[in-house]
Amino acid sequence: MRKKIIAGNWKMNNDFEQGLKLASEVNNMVKDEINADVQVVICAPYIHLASVGKLLSGKVALGAQNCYTKKSGAYTGEVSVEMLKSVGVSYVIIGHSERREYFNETNQFLAEKVNIILENGLTPIFCCGETLKQREEGIHIDFVNSQLTDSLFHLSPEQFTKVVIAYEPIWAIGTGVTASTAQAQEMHEKIRNHIASKYGASLANEITIQYGGSCNASNAPELFACADIDGGLIGGASLEARKFVDVIKAMK
Ligand code: 13P
């Protein structure tokens, strides 16, 4: 059985005090209300991580939104995976479309990030997804497959089983437009088939593939009911505890 994972990506939101308050509210609600076998993750900004980590119970894991590719050294402003690990981070989002777009992160650079995250025993949440133009041109499936091939297909099967994929169509992020269940399920199935073409069907069947993009408590039940959707990467709806926990509740 593959793991079901709902992760909140706060992005660059919440000052320190607001972040602690939100994390503590989510943690308490999850403790009281969630019995399902679902892993909840809070991906907070770097400066919140150490303190947020201290107030999370076992049911909610700590995630970062980024990392650097080097172990240590003269890389002013960067944060290593070892540092993240030392404050209790266990998941790291990489390849978010916002980082690809605003910080020019390439598939090759992301391959290096995957390597160092896995070397440290943490779980990468690898984001992929197409633009609206690519979808309209009918090249969305090839495009997403190439993101996976270029950043992940150098991994050994054993390494690959430790990766979580997040499919986030760029046109659905923060826009209020969600992919239809048919569109999301189709892409998730294609992603799984692509993984199977390299690593075999039984390995592909074990990989958690999250959906992200304007996912909220209203559309989550239908999305999460799809055969190949194993959770969500939630932006806006993770910024209020009640809204986030209601999304988590949609995962059965
Ligand atoms: P929204 O849920 O705000 O659309 O953001 C999705 C996302 O980018 C999560 O990483």
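Heads up: the structure comes first, above all this text.
Residues numbered from 1 in each chain as written. Predicted model: local features only at pLDDT ≥ 70, side-chain atom pairs only at ≥ 80, totals over all residues. Heavy atoms only, no water.

## Focus: unusual backbone geometry
For Lys 11, which is not a glycine, the phi torsion comes out positive at approximately 55°. For Lys 11, a relative accessible area of 21% gives the class partly exposed. The backbone of Ser 214 sits at a positive phi, close to 55°, despite the residue not being glycine. In this structure, Ser 214 sits in the loop between β7 (209-211) and α11 (220-224). Looking at Ser 214, the relative accessible area reads 19%, which means it is buried. (Buried < 20%, exposed > 50% of the residue type's maximum accessible area, 1.4 Å probe, protein only. Helix = DSSP H or I, 4+ residues; strand = E, 2+ residues; numbered from the N terminus.)

## Here's the deal with the site of the ligand
Every residue lining the ligand is accounted for by Asn 9, Lys 11, His 96, Glu 168, Ala 172, Ile 173, Gly 174, Gly 213, Ser 214, Leu 233, Gly 235 and Gly 236. Between an oxygen atom of the ligand and a side-chain N or O atom of Glu 168, the distance comes to 2.9 Å. If the ligand stood free it would expose 310 Å²; the protein chains cover 95% of that surface. For the shell around the ligand, the class distribution of residues is three nonpolar, seven polar and two charged. (Near = heavy atom within 4 Å. Polar contact = N/O pair within 3.5 Å; in protein donor to acceptor, adjacent residues only side chain to side chain. Areas by Shrake-Rupley, 256 points an atom, 1.4 Å probe, with all protein chains shown as cover. Nonpolar A, V, L, I, M, F, W, Y, C, P; charged D, E, K, R; others polar.)

## Quick notes on the pairing of strand β5 (residues 123-128)
Most of β5 is tucked away, with six of its six residues classed as buried. Strand direction decides the pairing type here: strand β4 (residues 89-94) and β5, joined by four bridges, are parallel. Note on β5: the bridge partner recorded for Ile 93 is Ile 125. Taken together, the four bridges between β5 and strand β6 (residues 164-167) define a ladder with parallel strand orientation. Of the residues in β6, the one forming a bridge with Phe 126 is Ile 165. (Pairing = 2+ DSSP bridges.)

## Observations regarding the nonpolar core
Core analysis: the biggest nonpolar cluster contains 71 residues, and Leu 152, Ile 165, Ile 191 and Phe 224 have the highest contact counts within it. For Ile 191, the contacting residues outside a window of four places in its chain are Cys 128, Val 144, Leu 148, Ile 165, Tyr 167 and Ile 209. Membership of the second largest hydrophobic core comes to twelve residues, among which are Val 41, Cys 43, Ile 125 and Cys 127. (Core = buried A, V, L, I, M, F, W, Y, C linked by side-chain atoms within 4.5 Å. Contact = heavy atoms within 4.5 Å.)

## Some points on the environment of Val 87
Locating Val 87 in the fold gives a position in the loop between α3 (81-86) and β4. The sequence separation of Val 87 and Leu 62 amounts to 25 residues, and the corresponding C-alpha distance is 9.1 Å. When residues no more than four places from it in sequence are discounted, the contact partners of Val 87 are Leu 49, Ala 50 and Leu 62.

## Focus: the packing of helix α1 (residues 16-33) against helix α12 (residues 241-249)
Relative orientation of the contacting elements α1 and α12 amounts to 35°, with a least axis distance of 9 Å. Crossing of α1 over α12 shows right-handed handedness. Contacts between α1 and α12 involve Leu 22, Glu 25, Val 26, Met 29, Val 30 and Glu 33 from the first element and Ala 241, Arg 242, Phe 244, Val 245, Ile 248 and Lys 249 from the second. A breakdown of the residues in the contact of α1 with α12 according to their chemical character gives eight nonpolar, no polar and four charged. (Axes fitted to C-alpha atoms, helices over the stretch in contact; angles between N-to-C directions. Left-handed = near helix turned anticlockwise from the far one by under 90°.)

## Focus: helix α5 (residues 107-119)
The end-to-end C-alpha separation of α5 is 18 Å, in line with the 18 Å expected for 13 residues at 1.5 Å each. Against α3, β4, α4 (97-102), β5, α7 (140-152) and α8 (157-160) lie the buried residues of α5. (Expected span 1.5 Å × (residues − 1).)

## Examining the packing of aromatic side chains
Counted according to the given criterion, the structure contains six aromatic pairs. Ring centres of Phe 153 and Tyr 199 lie 5.6 Å apart, and the angle between their planes is 90°; on these two criteria the pair is classed as edge-to-face. Of this pair, Phe 153 sits in the loop between α7 and α8 while Tyr 199 sits in helix α9 (residues 181-199), and the two are 46 residues apart along the sequence. A residue is classified by how much of its surface remains accessible, and Phe 153, at 11% relative accessible area, is buried. Tyr 199 gets classed as buried once you look at its relative accessible area, which sits at 13%. Through pairs of rings, three or more aromatic residues link up here, namely Tyr 68, Tyr 75 and Phe 109. When the ring centre of Phe 103 is taken as reference, the NZ or CZ atom of Arg 99 above it lies at 4.1 Å. (Phe/Tyr/Trp six-rings, centres within 6.5 Å; stacked < 30°, edge-to-face > 60°. Lys NZ or Arg CZ within 6 Å of the ring centre and 35° of its normal.)

Shape descriptors only; they carry no functional weight alone.
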